[in-house]
Amino acid sequence: MGTKSNVLDKYSARVYKNRKEHIVEIDESAPEQQIAANTRSVPGIMTNRGCCYAGCKGVVLGPLKDVLVITHGPIGCGFYSWGTRRNKAKTDDGRNFIQYCFSTDMQEPDIVFGGEKKLRQAIKEAVEIFKPKNVMICSTCPVGLIGDDIHAVAAESEKLYGISCTAFSCEGYKGVSQSAGHHIANNGIMRRVIGTGDAAPKTRYSINLLGEYNIGGDGWETERILRRAGYDVIAVMTGDGSAEALSRAHLANLNLVQCHRSINYIAEMMKDRFGIRWLKVNFIGIESTIASLREMAEFFGDSELKLRTEDVIADELSEIAEEREYYREKLSGKTAALYVGGSRSHHYQYLLRDFGVKTVLAGHEFAHRDDYEGRRVIPDIKEDADNKNIESITVERDDARYSAFLTAEQYDELRGKIQLEDYKGIIPDMQDGSVVVDDLNHYETEAFLEVLKPDIFMSGIKDKYELQKAGVVSRQLHSYDYSGPYAGFRGAIKFASDLTMGLYTPAWRLVTPPWRNEPILRGTVGYAEKTEAAQNA
């Protein structure tokens, strides 16, 4: 029995039929391997997914430091999306709102009688106390159900206070996962923010870094390397980012796409409207960082930039050479499983490979088929009813500001050489016999642990403790367990150090759970005794 059959064997026929389409055992001899993705989770299964609101506010909008984001809904929604992802941000002008949790704290009377009055009051208080230039409103499930018009309140507040106020109808029930929220956030930023500023770039090597959320300082480390090579980073979407910087993003000559799933919408819209080409990059891993830097230099086609890039690479490699060899010796031959949202399950395979670690399982929480199989399958993806309530906007070319850096001939030449406006997906990079899983659940996690026996399982907070109780080293790749950065050259060494500490100090394997030695539930059946006494009376 194969790995896939072993894991699915205990499911009922109905669940088996559903889940088998979401699991692929990589067969390199097969011409194409298709996987089901971006569909509704099986009811009752403990999925690790988040909701549409979490994707909009928690992932994309939350890291914007100069934007005061108000959650219009119960306090639990706001608290869930606040402070858990460790998005770091440096204060520029005294405005840094990411350490706060702003919410209208809707109660039962607000659900019955409407919450618009409470939202207006929340915006008034926020403006009076914090004096923000930008306010964004994110709605949660009850708001969509009762029909509060958050867009009307936002428009009213703009006129009343002279600020930018944007509403996002990102109710949690929309779509099938947080992916829907990414799309909604992208649409709003494109409509209301990008293109509203006009400060000119400092150099022709002007770039935007898209889909980088500065977890544990990743974005700072990536920016450090890019600036060393001579690039002008105009905006980061959205780690340590700001609405002010995003307003100028249309002036860049190249967009870099780190997390394909959460930000590819904006990359495509900016291409259509402003002529900005995008390049798929990965700054997680030593060799992948080198490859991305070289592809960027190839895009700009400047010999001086290429030489400077090679100098930076050589200097960064010499700085980590000794530690790189030490940690490779410690980690080589180990195996890992990865289950993280976005592109991280793909990116981190490169970093693991740098230190000789083999990936035996990888999957995404909220990916679409193109994240697994590559963008070539986009025309074949059929939209189902669950995803039709997510608006997909079309932007028109802005002739006054349209400025393509490459000529048509240069574009055609580069398209086959670098990852220009393309993403191959995770499946082509997986080794023969490894497993790819979409929307992995808690039961399957335990089953794969039994079958594949990985030395390391990197995932998120929802299943971290399940893994540790099984005695398996776990690194949380949504917030880095209070560590990081893991990006770039120095980040790779930090990651290897953390893995080595976990593997060579296996604390969880030394703990004997109490249920192994004695039952944790004790009780007596009292009903039978009473019945017998009644019969004898």
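Everything quoted here is computed from the prediction, not taken from an experiment. (Residues numbered from 1 in each chain as written. Predicted model: local features only at pLDDT ≥ 70, side-chain atom pairs only at ≥ 80, totals over all residues. Heavy atoms only, no water.)

Q: Help me understand the overall build of the chain in this model?
A: Counting its secondary structure elements, the chain contains 21 helices and 14 strands. Over its C-alpha atoms the chain spans a radius of gyration of 25 Å, differing by no more than 12% from the 24 Å that the globule rule assigns to 537 residues. In terms of overall dimensions, the chain has a C-alpha envelope of 95 × 65 × 45 Å along the principal axes. By the burial criterion, 56% of the 537 residues in the chain qualify as buried. (Helix = DSSP H or I, 4+ residues; strand = E, 2+ residues; numbered from the N terminus. Rg over C-alpha atoms; globule rule 2.2 N^0.38 Å. Buried < 20%, exposed > 50% of the residue type's maximum accessible area, 1.4 Å probe, protein only.)

Q: Can you help me understand a nonpolar patch on the surface in this one?
A: A grouping of I111, V112 and F113 is seen on the molecular surface, where their side chains present a nonpolar patch of about 350 Å² in accessible area. Turning to its location among the elements, V112 is positioned in helix α5 (residues 108–113). Taking the relative accessible area as the measure of exposure, V112 reaches 62% and is therefore exposed. (Patch = residues over 30% accessible without salt bridge, like charges linked within 9 Å, V, L, I, M, F, W, Y side chains within 5 Å. Areas by Shrake-Rupley, 256 points an atom, 1.4 Å probe, with all protein chains shown as cover. Salt bridge = Lys/Arg side-chain N within 4 Å of Asp/Glu carboxyl O.)

Q: Looking at this model, I keep getting lost on the sheet that holds strand β10 (residues 335–339). Mind explaining?
A: The strands making up a sheet are joined through hydrogen bonds of the backbone, oriented either antiparallel or parallel. The 6 strands lie next to each other as β1-β12-β11-β10-β13-β14, forming an open sheet whose pairing is mixed. Bordering the open sheet on either side are β1 (23–25) and β14 (473–476), each of which pairs with just one other strand. Taking each pair of neighbouring strands and ignoring which way they run, the sheet shows an average axis angle of 15°. Examined bridge by bridge, β10 and strand β11 (residues 358–364) share 5 bridges and lie parallel to one another. By the bridge assignment for β11, T335 is matched with K358. Where helix α15 (residues 344–354) meets the sheet, its contacts fall on β10, β11 and β13 (456–459), and the angle it forms with β11 comes to roughly 165°. Those strands touched by helix α18 (residues 442–452) are β1, β11, β12 (435–438) and β13, and its axis lies near 175° from that of β12. (Pairing = 2+ DSSP bridges. Axes fitted to C-alpha atoms, helices over the stretch in contact; angles between N-to-C directions. Contact = heavy atoms within 4.5 Å.)

Q: Could you clarify how one ought to interpret helix α6 (residues 116–130) in this entry?
A: Since there are 3.6 residues in each turn of an α-helix, residues three or four apart along the chain are aligned in direction. For α6, built from 15 residues, the straight-helix expectation of 21 Å at 1.5 Å per residue is met to within 8% by its first-to-last C-alpha distance of 21 Å. Within α6, the full set of buried residues consists of L119, A122, I123, A126 and V127. Buried positions in α6, seen along its axis, are confined to an arc of 130° and lie on one side of it. Exposed residues lying more than 90 degrees from the buried face of α6 are K117 and I129. Of the residues trailing α6, K131 is marked for its positive phi of about 50°. (Expected span 1.5 Å × (residues − 1). Arc of directions from axis to C-beta.)

Q: Is there a simple way to explain the nonpolar core in this structure?
A: Within soluble globular proteins, side chains that are nonpolar tend to cluster in buried spots. Membership of the largest hydrophobic core comes to 111 residues, with the highest contact counts inside it found for L61, Y231 and L256. Look past the residues within four positions of L61 in its chain and what remains in contact with it is C56, V69, M136, C138, F168, A185 and I189. (Core = buried A, V, L, I, M, F, W, Y, C linked by side-chain atoms within 4.5 Å.)

Q: So what exactly am I meant to see when it comes to the environment of G62 here?
A: Along the chain, G62 turns up in the loop between α3 (52–61) and β2 (67–72). Considered as a pair, G62 and N87 are 25 residues apart in the sequence and their alpha carbons are 8.3 Å apart.

Q: Would you mind going over the packing of aromatic side chains with me for this structure?
A: In this structure the tally under the stated criterion is 17 aromatic pairs. Ring centres of F79 and W82 lie 5.8 Å apart, and the angle between their planes is 55°; this geometry places the pair in the tilted category. For W82, a relative accessible area of 29% puts it in the partly exposed group. Ring centres 5.1 Å apart and planes at 70° place the aromatic pair F300 and F405 in the edge-to-face group. Linking F300 in helix α13 (residues 286–300) with F405 in the loop between α16 (369–373) and α17 (408–415), this pair joins segments that are 105 residues apart in sequence. Residue classification places F300 among the buried residues on the basis of a relative accessible area of 5%. The exposure class assigned to F405 is partly exposed, which follows from its relative accessible area of 22%. Counting every residue linked through ring pairs, the aromatic cluster contains Y205, Y231, F299, F300 and F405. One residue, K90, lies across the ring of W220, its end atom 4.6 Å from the ring centre. Cation over ring: R353 sits above Y350, and NZ or CZ is 5.1 Å from the ring centre. (Phe/Tyr/Trp six-rings, centres within 6.5 Å; stacked < 30°, edge-to-face > 60°. Lys NZ or Arg CZ within 6 Å of the ring centre and 35° of its normal.)

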